Amino acid sequence: MNRKLCKWKGIFFLLMLFFLLFGGNKQVSAASAKCKVVFANARGVVSTPTYKSWERTVKPGQWINLPEYSWSGYRCYWEEKSGNTVKRYSPGARYKVTKNTKFCLHRYELYDVKFYSEDGKKEHKDLRKQAIKGENITLPPVPHSSTTMGLGWSTTANAKTYQKPGTKIKINGDMKFYSKTQTITSVNLYKYDGKFWKSVPTNTGSTPVFPSVNLGSINMCLGWSKTMGKNSRPEYYAGDRIPTKTGNYYMVKFGPEDDKAPSYIRTPEGYDMVYFVGDSRTIGLQWGLGSRKPSNVDFVADSGEGLEWFERRDDTGGYKNLYRKVRKIFENSGGRARQAVIINLGVNDLWNSSSYIDYMRRVSQQLRGEFRCDMYYMSVNPVNSAMIKAYGGTYRTEAQVAAFNKSIRMSLCSGSNNYFTYIDACTALQKYGWISNFQNKGIYDGVHYSYQTYLRIYDYCIRNLRR
């Protein structure tokens, strides 16, 4: 019995030894697997000792640097083929080895791409490129002088047609390109005192317009004139198209010495109450009047607001507040009170004119119908976009103001759409001048006016009531 037990123990021992020896070797073999990386010529042949010396055997996942190689006049690639896919790698590139891999060295002839002046007499050597056949290059910007502009490149000298910079060109051999330039025409812009300010090109393809100007002071550039030294009545405003290819134009400067408030505060005649409805600029008008505000003038305004505030249904809503005031005076007078409403909203949402039109029609119909109010819409008044940008305010442009005013005038104040009488204070200010000086504190933000300008706006509105 003991002999049999010993025999079985011996067999068990031999089996364990066999498993440890041969099973363990299998694990070690898997852990020590290697990948072979072979380098060959374009035909796939390891044709020289150099190719053989580049051969590598590495662990899976290991990164290697592909051998460096160059040949004058050619661009070289190591190409790896997998099925129908060929991947190219530049010599010296990093490559992660995951399996046995073969790279073949291919050389592609380089072609010269040269860029010349329009007549072909001068090469722009700094623009010279080299590329292989079939490769795309991007046409570079055209060199030009201060009096010319680059239009593009042509494949023949002094050509009329050209391709613009940025165009992709497929290379089919050595290629030459010739620049196409054009002499710049421009107008000269001068300051109000005749000092040169800058030139504006007039034949660059885009429509040239008069710029907005920040004079960096309380002075306001109203626009531009062919006459030097004017302080009002500019012939052109910021954003207007420059009408000539060449010529001289001068800033029209309006200063604080020109910004004179009316000699007295007008009281509206024929109305029991006149309401000014608006935003922070309407509040500025109220501050400008101060204690001199006539008793039959009232304000419904909130800073930074627009249509959303006016049509709000809760007690903070502008229209709800206005309606409550109008109804109270109408009822207290036994229905005999004459009232006028001047809307001056829009500068805070110039993009929203269509919504204004829809809502303001209903406002006019209700206040006219229920209380016989006279309804007026005052223009959104001027801004200076250059001053706004310098100040860091919410950006608005002169063109946006003009577009909003045109929409309001045509759709609310004209012909069969005569829901309001239009008060065009904007054109009057652009023509005769305005100053941006918030609360007269030296804050030139391009949006809010001096108290003197506010009083001039007030006076203009009162003079235009019931006309």
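The structure presented is a predicted model; accordingly, all values stated were derived computationally and were not measured.

Peer 1: I would appreciate a short explanation of the sheet that holds strand β13 (residues 186–190) in the present structure.
Peer 2: Consider a sheet: its strands pair through backbone hydrogen bonds, and that pairing is either parallel or antiparallel. If you walk across this open sheet you meet the 4 strands as β14-β13-β16-β15, and the pairing is mixed. Only two strands of the sheet have a single neighbouring strand rather than two, namely β14 (196–201) and β15 (220–225). In this sheet, adjacent strand axes meet at a mean angle of 25 degrees when their direction is disregarded. Relative to strand β16 (residues 247–254), β15 runs antiparallel, the two sharing 5 bridges. When the sheet's bridge partners are listed, W224 is paired in β16 with M251.

Peer 1: What's the story with the pairing of strand β12 (residues 175–183) in this structure? I'm lost.
Peer 2: Across a regular strand the side chains alternate sides, sitting on one face of the sheet and then on the other. Strand direction decides the pairing type here: strand β7 (residues 101–116) and β12, joined by 4 bridges, are parallel. Residue pairing in the sheet places Y116 in a bridge with Y178 of β12. Across 6 bridges, the pairing between strand β10 (residues 148–154) and β12 is antiparallel. When the bridges of β12 are listed, T148 appears paired with T183.

Peer 1: Looking at this structure, how should I read the nonpolar core?
Peer 2: Generally speaking, soluble globular proteins have nonpolar side chains that are buried together. Counting 40 residues, the largest nonpolar core has F310, L322, M360, L367 and Y377 as its most contacted members. When contributions to this core are tallied by element, the ones reaching two or more residues are β17 (273–278), α4 (307–310), α5 (318–332), β19 (339–344), α6 (353–371), β20 (374–378) and α8 (398–412). Here this core takes 7 residues from α6, the largest share from any one element. Those residues in contact with M360, other than ones at most four positions away along the chain, are L307, F310, I343, L345, Y377, L412 and F420. Counting 30 residues, the second largest nonpolar core, distinct from the first, contains Y271, A425, Y454 and L455.

Peer 1: Hey, could you run me through unusual backbone geometry in this one?
Peer 2: If a residue is not glycine, its phi is most likely negative; likewise, a peptide bond is most likely trans. In this structure, R372 takes a positive phi of about 55 degrees despite not being glycine. Note that R372 resides in the loop between α6 and β20. Among the residues examined, R372 registers a relative accessible area of 42% and is labelled partly exposed. Backbone geometry at N440 places phi at a positive 55 degrees, although glycine is not the residue there. Inspection of the secondary structure assignment puts N440 in the loop between α9 (425–432) and α10 (451–463). Residue classification places N440 among the partly exposed residues on the basis of a relative accessible area of 33%.

Peer 1: What is the right way to look at the environment of Y264 in this model?
Peer 2: Within the fold, Y264 resides in the loop between β16 and β17. Overall, Y264 belongs to the partly exposed group, its relative accessible area being 47%. Y264 sits 125 residues away from K389 along the chain, and the two C-alpha atoms are 35 Å apart. Polar contacts involving the side chain of Y264 include one to the side chain of R266, which spans 3.2 Å.

Peer 1: Explain the sheet that holds β19 to me, please; I cannot follow it from the model alone.
Peer 2: Pairing is parallel in the open sheet, where 5 strands are placed in the order β18-β17-β19-β20-β23. In this open sheet, the two edge strands, each paired with only one partner strand, are β18 (297–301) and β23 (421–423). Each adjacent strand pair in this sheet contributes to an overall mean axis angle of 25 degrees, direction not counted. By the bridge criterion, 3 bridges tie β20 to β23 in an arrangement that is parallel. Along β23, the bridge assignment pairs Y376 with T421.

Peer 1: Explain the pairing of β18 to me, please; I cannot follow it from the model alone.
Peer 2: When β17 meets β18, the two strands line up parallel, connected through 5 bridges. Its bridge partner lying in β18, F276 is registered against F299.

Peer 1: Just checking my understanding: could you explain the packing of aromatic side chains for this structure?
Peer 2: Any aromatic ring pair is given by two values, namely how distant the centres are and how the planes are angled relative to each other. Within this structure, the stated rule accounts for 32 aromatic pairs. Measuring from ring centre to ring centre gives 5.0 Å for Y95 and F103, while their planes differ by 85 degrees; the resulting arrangement is edge-to-face. Its relative accessible area of 8% is what places Y95 among the buried residues. Chaining the aromatic ring pairs together yields one cluster made of F39, Y51, W54, Y69, W78, Y89, Y95 and F103. For R107, the ring lying beneath its charged end belongs to W71, and the centroid distance is 4.1 Å.

Peer 1: I keep staring at the packing of α5 against α6 and nothing clicks. Help me out?
Peer 2: Two quantities define a packed helix pair, namely the angle between the helix axes and the distance between the axes. Where α5 meets α6, the axes come as close as 11 Å, and the angle between the chain directions of the two elements is 15 degrees. One way to sum up the angle between α5 and α6 is to call them roughly parallel. As α5 packs across α6, the resulting crossing turns out to be right-handed. When α5 is examined against α6, the residues Y319, L322, Y323, V326, R327 and F330 are found in contact with a partner set consisting of Y359, V363, Q366, L367, E370 and F371.

Peer 1: I tried to follow α8 on my own but got confused; where do I start?
Peer 2: Two residues of an α-helix separated by three or four positions point the same way, owing to the 3.6 residues in each turn. When the terminal C-alpha atoms of α8 are compared, their 21 Å separation across 15 residues agrees well with the 21 Å that a helix rising 1.5 Å per residue should span. Taken together, the buried positions of α8 are E398, V401, F404, N405, S407, I408, S411 and L412.

Cut-offs and rules
- Residues numbered from 1 in each chain as written.
- Predicted model: local features only at pLDDT ≥ 70, side-chain atom pairs only at ≥ 80, totals over all residues.
- Heavy atoms only, no water.
- Pairing = 2+ DSSP bridges.
- Helix = DSSP H or I, 4+ residues; strand = E, 2+ residues; numbered from the N terminus.
- Axes fitted to C-alpha atoms, helices over the stretch in contact; angles between N-to-C directions.
- Core = buried A, V, L, I, M, F, W, Y, C linked by side-chain atoms within 4.5 Å.
- Buried < 20%, exposed > 50% of the residue type's maximum accessible area, 1.4 Å probe, protein only.
- Contact = heavy atoms within 4.5 Å.
- Polar contact = N/O pair within 3.5 Å; in protein donor to acceptor, adjacent residues only side chain to side chain.
- Phe/Tyr/Trp six-rings, centres within 6.5 Å; stacked < 30°, edge-to-face > 60°.
- Lys NZ or Arg CZ within 6 Å of the ring centre and 35° of its normal.
- Parallel < 35°, antiparallel > 145°, perpendicular 65-115°, else oblique.
- Left-handed = near helix turned anticlockwise from the far one by under 90°.
- Expected span 1.5 Å × (residues − 1).

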